[in-house]
Amino acid sequence: MAAVSFQELRKNFGSTQVLHGISLEIADGEFMVLVGPSGCGKSTLLRMLAGLEDITAGSIAIDDRVVNDLESKDRDIAMVFQSYALYPHMTVRDNMGFSLKLRKDKKTRIDERVARTAKILNLEPYLERYPRELSGGQRQRVAMGRAIVRDPKVFLFDEPLSNLDAKLRVAMRAEIKALHQRLQTTTVYVTHDQVEAMTMADRIAVMNEGRIEQLGAPLELYDRPANLFVAQFIGSPAMNVFEGILRDGAVEALGARWPAPKNKGIQGQPVRYGIRPEHLQPGRDGVPAEVVVVEPMGHETELLVRINDIDLIVVMHGRSAHAPGERIFLAPQAANAHLFDAASGRRI
Amino acid sequence: MRRFTREAGLWLLAIPILLWTLLPIYHIFLFSISSKDSAFSGALWPDKPTLRNFGTIVREEHFYLHHFWVQIWNSLWIAVAAGALTLAIATCAAFAISRLKVRGGRTVMNLALFTYFIPAAFLAIPMYKAMGAYELLNSRWSLVLAMVTLAAPYAIWVLKQASDKLPYELDEAARMDGATPLQLFRLVYLPLMTPSLVAIGTYALLLAWNEYLYAYLLLSHEQTITLAVALGHFISADDSPWELLMATGLVYALPPAAIYYAFRRYMVGGLTAGAVKA
Amino acid sequence: MIAVPGIALPRSRFAFKSSWQTWGAIMIAPYLLVFLAFVLYPVSYGLWLARDPASYARLFADPIFARTVVNTVVFLLIAVNLKFLLALWLSGFFVHERIWIRWLSIVFLLPWAVPSIPTIFSIRFMFNPEWGVINSVIFRLTAHDGPNWLNDPRIGLGLAMLTHIWKSLPFWTLILIAGRLAIPREQYEAASVDGASAWQKFRYVSWPSLRTLYLTSTILSMIWTLGDFNSVYLLTGGGPADLTHVLATLGIRYIRLDQVDLAMATIVCAMPLVLPLMWFMMKNLSRGDRQ
Ligand SMILES: Nc1ncnc2c1ncn2[C@@H]1O[C@H](COP(=O)(O)OP(=O)(O)O)[C@@H](O)[C@H]1O
Ligand SMILES: [Mg+2]
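Just so it is clear, the structure is predicted and the values come from calculations on it, not from any experiment.

Visitor: Can you lay out the layout of surface pockets for me, pointing to particular residues and giving the numbers?
Guide: Looking at the largest pocket, its volume works out to about 1900 Å³. Elements that contribute at least two residues to the lining of the largest pocket include exactly α1 (2-32), α11 (242-262) and α12 (264-275) of chain B together with α3 (63-94), α4 (99-108), α8 (153-181), α9 (185-193) and α10 (198-226) of chain C. It is α3(C) that provides the largest number of residues to the lining of the largest pocket, a total of 6 residues. When grouped by side-chain class, the residues that make up the lining of the largest pocket number 24 nonpolar, 7 polar and 11 charged.

Visitor: Lay out helix α5 (residues 166-183) of chain A with the relevant residues and their values.
Guide: All names here are of chain A. The terminal C-alpha atoms of α5 lie 26 Å apart, and with 18 residues this matches the ideal 26 Å at 1.5 Å per residue to within 8%. Buried residues of α5: Met 172, Arg 173, Ile 176, Lys 177, Leu 179 and His 180, and no others. The buried residues of α5 occupy an angular sector of 160 degrees when projected down its axis, which confines them to one face. More than 90 degrees from the buried face of α5, the exposed residues found are Lys 167, Gln 181 and Arg 182. Buried-residue contacts for α5 involve β3 (31-35), α3 (107-120), α4 (136-148), β7 (154-158), β8 (186-191) and α6 (194-200). Positive backbone phi, approximately 60 degrees, marks Gln 184, located one or two places after α5.

Visitor: An account of unusual backbone geometry is requested, with residue identities and associated values reported.
Guide: The bulk of non-glycine residues show a negative phi, and the bulk of peptide bonds are trans. Residue A:Ser236 is joined to A:Pro237 through a cis peptide bond whose omega torsion reads 0 degrees. Residue placement: A:Pro237 occurs in the loop between α8 (228-233) and β11 (240-247). Its identity is not glycine, yet C:Trp149 carries a phi of approximately 35 degrees, on the positive side. Within the fold, C:Trp149 resides in the loop between α7 (133-142) and α8. Judged by its relative accessible area of 15%, C:Trp149 is buried.

Visitor: Can you tell me about the pairing of β3(A), naming the residues and giving the values?
Guide: Residues and elements named next belong to chain A. In terms of residue burial, β3 counts as a mostly covered element, since 5 of its 5 residues are buried. Residues Phe 31, Val 33 and Val 35 line one face of β3 and the alternating positions Met 32 and Leu 34 line the opposite face, and both faces are buried. With 5 bridges joining them, β3 and β8 adopt parallel strand pairing. For Met 32, the partnering residue across the bridge sits in β8 and is Val 188. Strand direction decides the pairing type here: β3 and strand β9 (residues 203-208), joined by 4 bridges, are parallel. When the sheet's bridge partners are listed, Met 32 is paired in β9 with Arg 203.

Visitor: Tell me what's going on with the packing of α3(C) against helix α12 (residues 247-256) of chain C, and back it up with residues and numbers.
Guide: Residue and element names in this part refer to chain C. For the pair α3 and α12, the least separation of the axes is 9 Å and the interaxial angle reads 145 degrees. Residues Ile 64, Phe 65, Thr 68, Val 69 and Thr 72 of α3 pack against Leu 247, Leu 250 and Arg 253 of α12. Classifying every residue of the contact of α3 with α12 by side-chain character gives 5 nonpolar, 2 polar and 1 charged.

Visitor: Explain the domain arrangement of chain A residue by residue, including any values.
Guide: All names here are of chain A. Looking at the assigned domains, one finds that chain A contains domain 1 (4-232) and domain 2 (240-341). The gap between the C-alpha centroids of domain 1 and domain 2 is 39 Å. Contact with domain 1, which involves 8 residues of that partner, is made by 6 residues of domain 2. Across the domain 1/domain 2 interface, buried area totals approximately 660 Å², and carbon plus sulfur atoms make up 57% of it. At the junction of domain 1 and domain 2, the tally comes to 0 salt bridges. Taken together, the connections running from domain 1 to domain 2 amount to 2 residue pairs in polar contact (both at pLDDT 80 or more). If you list the elements that add at least two residues to the side of domain 1 that touches domain 2, you get α7 (218-223) and α8. Along the lines of polarity and charge, the residues of the side of domain 1 that touches domain 2 split into 5 nonpolar, 2 polar and 1 charged.

Visitor: With reference to specific residues and values, describe the pattern of salt bridges.
Guide: Overall, the coordinates contain 25 salt bridges over all chains when judged by the stated rule. Here A:Arg47 and A:Glu53 are joined by a salt bridge, their closest N and O atoms 3.1 Å apart. Given a relative accessible area of 16%, A:Arg47 falls into the buried group. Overall, A:Glu53 belongs to the buried group, its relative accessible area being 16%. Linking B:Glu172 and A:Arg47 is a salt bridge whose minimum nitrogen-to-oxygen distance equals 2.6 Å. Placement of B:Glu172 in helix α7 (residues 168-176) and of A:Arg47 in helix α1 (residues 42-50) is noted, with the two residues assigned to different chains. Here the residues in one salt-bridge network are A:Lys11, A:Arg47, A:Glu53, A:Asp54 and B:Glu172, joined through shared partners.

Visitor: Quick one: what's the story with the interface of chain B and chain C, residue by residue and with numbers?
Guide: Contact with chain B, which involves 98 residues of that partner, is made by 96 residues of chain C. Three residues stand out in chain B for area buried against chain C, namely B:Trp20, B:Phe117 and B:Phe122, and they jointly supply 9% of the buried area on that side. Seen at the junction of chain B and chain C, the total is 1 salt bridge. Between B:Glu7 and C:Arg98 there is a salt bridge; the shortest N-O distance is 2.5 Å. The interface formed by chain B and chain C includes 11 residue pairs in polar contact (both at pLDDT 80 or more). When residues of the side of chain B that touches chain C are assigned to their parent elements, the largest contribution, 16 residues, is made by α1(B).

Visitor: Tell me what's going on with the nonpolar core, and back it up with residues and numbers.
Guide: Core analysis: the biggest nonpolar cluster contains 224 residues, and B:Phe117, B:Tyr214, C:Tyr31 and C:Phe93 have the highest contact counts within it. It is helix α6 (residues 140-164) of chain B that contributes the most residues to this core, 16 residues altogether. Residues contacting C:Tyr31, with those up to four places away along its chain left out, are B:Ile89, B:Ala93, B:Val108, B:Ala112, B:Thr115, B:Ala152, B:Pro153 and B:Ile156. Within the second largest apolar cluster, 43 residues are counted, among which are A:Phe31, A:Tyr84, A:Met200 and A:Ile234.

Quick notes on the rules
Once a new chain begins, its residue numbering starts again from 1 and follows that chain's sequence as written. Lettering for chains starts from A, numbering for ligands starts from 1, and both go in the order in which the items are written. Where local features are concerned, this predicted model is filtered to residues with pLDDT of at least 70; where side-chain atom pairs are given and counted, the filter is 80 or more; whole-chain, interface and lining totals use all residues. To obtain the side-chain values, all non-hydrogen atoms of the structure were used and water was disregarded. We place a 1 Å grid over just the protein atoms. Points where a 1.4 Å probe fits but has no way out form a cavity, open points with protein on both sides within 12 Å along at least 5 of 7 lines form a pocket, and any residue with an atom within 4 Å of a point lines it. Grid points are joined across faces, edges and corners, and a volume is the space filled by probe spheres set on the points. Per the convention used, a helix needs a DSSP run of H or I reaching at least four residues, while a strand needs a run of E reaching at least two, with both numbered from the N terminus. Each residue gets one of three labels, nonpolar for Ala, Val, Leu, Ile, Met, Phe, Trp, Tyr, Cys and Pro, charged for Asp, Glu, Lys and Arg, and polar for the others, Gly among them. By this rule, a helix spans an expected 1.5 Å times one less than how many residues it contains. The buried label goes to any residue with under 20% of its type's maximum accessible area, the exposed label to any with over 50%, and the partly exposed label to all in between, with areas taken from a 1.4 Å probe on protein chains only. The directions considered for the arc run from the helix axis to the C-beta atoms. Two residues form a contact once any of their heavy atoms are found within 4.5 Å. When DSSP finds at least two bridges between two strands, those strands are taken to pair. Axis lines are fitted to C-alpha atoms, over the contacting stretch for helices. Their N-to-C directions set the angle, which ranges from 0 to 180 degrees. What fixes the domain bounds is an automatic or database domain assignment. In this description, buried area is defined as the sum, over both parts, of the accessible area (probe of 1.4 Å) that is lost when the two are combined. Between Lys or Arg on one side and Asp or Glu on the other, a salt bridge is scored when a side-chain nitrogen of the former is within 4 Å of a carboxyl oxygen of the latter. Definition of a polar contact: a pair of N or O atoms within 3.5 Å, with one able to donate and the other able to accept a hydrogen when the atoms are protein atoms, and with sequence-neighbouring residues admitted only if both atoms are side-chain atoms. Nonpolar cores were defined as sets of buried Ala, Val, Leu, Ile, Met, Phe, Trp, Tyr and Cys residues, with membership established by side-chain atoms within 4.5 Å.

Following this line, the structure appears as structure tokens:
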């Protein structure tokens, strides 16, 4: 087990910089998720930690030891690749034991550790099979087994679930989480899926264009997004955001006044007003809106409503009697509203 | 009716194709089972088919055949050595270029391709002089090395194409598992490349076995020449025993044809794909 | 350079990279040695031998030379193009899905699978004017002697071309079959629905897809044909009276006469033919490699 520390990490591919000084401390035993849109540099960051990309500037330390110049194999970390990267010509047993074999462990020890890992992952019946004879979920598990068997200081995952179908993804998500609770190994997990990030992480680092936008516990990010990017990236359906002017404790926008938190911003400041769909409930009075689309899901209902040609999303618990074309009133509460500076996008 | 004419048309085309393909080969076969007198009768089948010619060959009972066994051994030795050496050199080079991304790998690939596009008979002349300078003339090694020179470029090209198709994550996974470059080569790369390696090994082997021009230039002593060169000697005199030449030719042609057909699946798929990329 | 706070390190050279580069260099070295020893050195040495203008004067003075150049160009233009028209046509035949056509295609590959010497000698014997099977048949049918075949330079060269075609037609047919099989069947079905005739299907569906392959193959085949020594040498030996030589056999002839400078000069004279073809292929392949 180990703590990981990134200091002002930069990465250039040729002349383009893709990471602009990342600093991040990951605690011992923590499950850290790096999340962000595709192309934002998550994999690059992970691969630098893995020793697969060299470091343009800055440093990476594992347990206070700078590993910049160490080879992957000397960093004592294990990685699960998106494509699993299982050796097609080796059985599950050999795939899992490969790293141990390379470091010249005794055969009995290898067998014992492979057996133990296979047991944890329910892979015992498949040990003599080849990867091509396994289902997607089983391959995924073998890839994890290959990492676990080495008992490394840090686990790295690069979008490990994105090759699985939706149902399996949910199951594996829980399985990885349970595994982490059992092994307590420091884990860095990369994904572009904010649901995965929210459900699995101890802490999340939201990345965008080579920078960390915000770092924090999942619900912290949800409740207090530091900027517009995080506000709209975290949460599904995404937060409703529209422009307005702050005046007398409310935001004037879309031809109405929207209640805002007290003591924030300055009079007349142009802002973005953000409100999550579940905080926008129909009531007896409030801002008038027209229902455009009704999407019943069973446990909740999504409404697409229109105010002044702007579309907003409303999520209602349970079922709804509303029909398209109907006029409703939305009454948001000041405590649930988020204010962002219109120019910088930063939270006010 | 239209269907019928089309089928008939196809069959009609098959006959000339078959004749064109088989005539010279059947002619070899016909001669090799004919006795000296009946060989020139022009008949489609000899009066008394005989295997005597093959007996003569096996017992080396003719002036042109005094060293038959040595020569066939030379052919085999050279083919196997050239095949193995080409395979070793080309596999290492393809691995270095495609997987280790060695600096200058692209340049080396281009040099190899350049060699591949030098017409063989043109390269033979300077090669002959160089082998003379290296004092390798008349040694089997000269032909082996010449064949490696000719076969390696194409071998590297095909193997590089094939190994570019292996996912790069495999190497990264192996690296994280602690593999050194040599372990990656031995434990991951070679097992995964086996089908292409079989095809390329066979290609180089057949190339060397079938080679005439280089063998004819580089080897001249009766004890060192290959069977191909020995066959060429038959033609030097007007009264050469055609039936023996054809029988020996058949013996010489059978192994490569058999190997070719045995590995056809690999050869046709693997080699033609790399031969010309549109 | 941006100042880096904290543990500032000099820009690191990756340890693994150097060890992997070292191994890469070691593993590529054998081929590089082969190239240096058996391509670069011989070719440079050969070109150095061919530096004397007097060799070219002697070469041009040799009466066979002009004839050889003409032969080579004729060989290249006629044999290669004829071969490719045949291959194109035959590939259309072999893509029909019939079990017997599959068997036929396996037999059809024989000329390519079998070494040249026995088969070319076999052809040579077939065309022997006195005892060959061809003239025997002609005599039996017409009671006249057949032509002098290989003793006539024109017919001899023509037969050398046919031999060349016989030997390499299967390979190129195979390549074009592969090209045709790569065309999606739906395109033909769509053309059928649109009422296209067989010719129109070829013209508007097959040919546009095959064109590049056809051209590249033709160029590559031209290079190989320039280096084809066997089809001429084993059939006619360059005769009669050295009138059927091509550049490949002429160069080797000079080598056997120990006139290396003339041999190299012959090759240099072939360069205007070879270099554009090589350039085309290099350009083509390295482009295909990059994508
Ligand atoms: N080997 C490379 N060469 C050049 N650019 C690269 C390379 N790898 C990644 N990039 C670029 O770096 C950026 C970040 O890539 P990556 O880390 O893979 O993003 P993510 O994993 O977040 O989707 C992208 O813009 C990508 O195009
Ligand atoms: Mg990625």
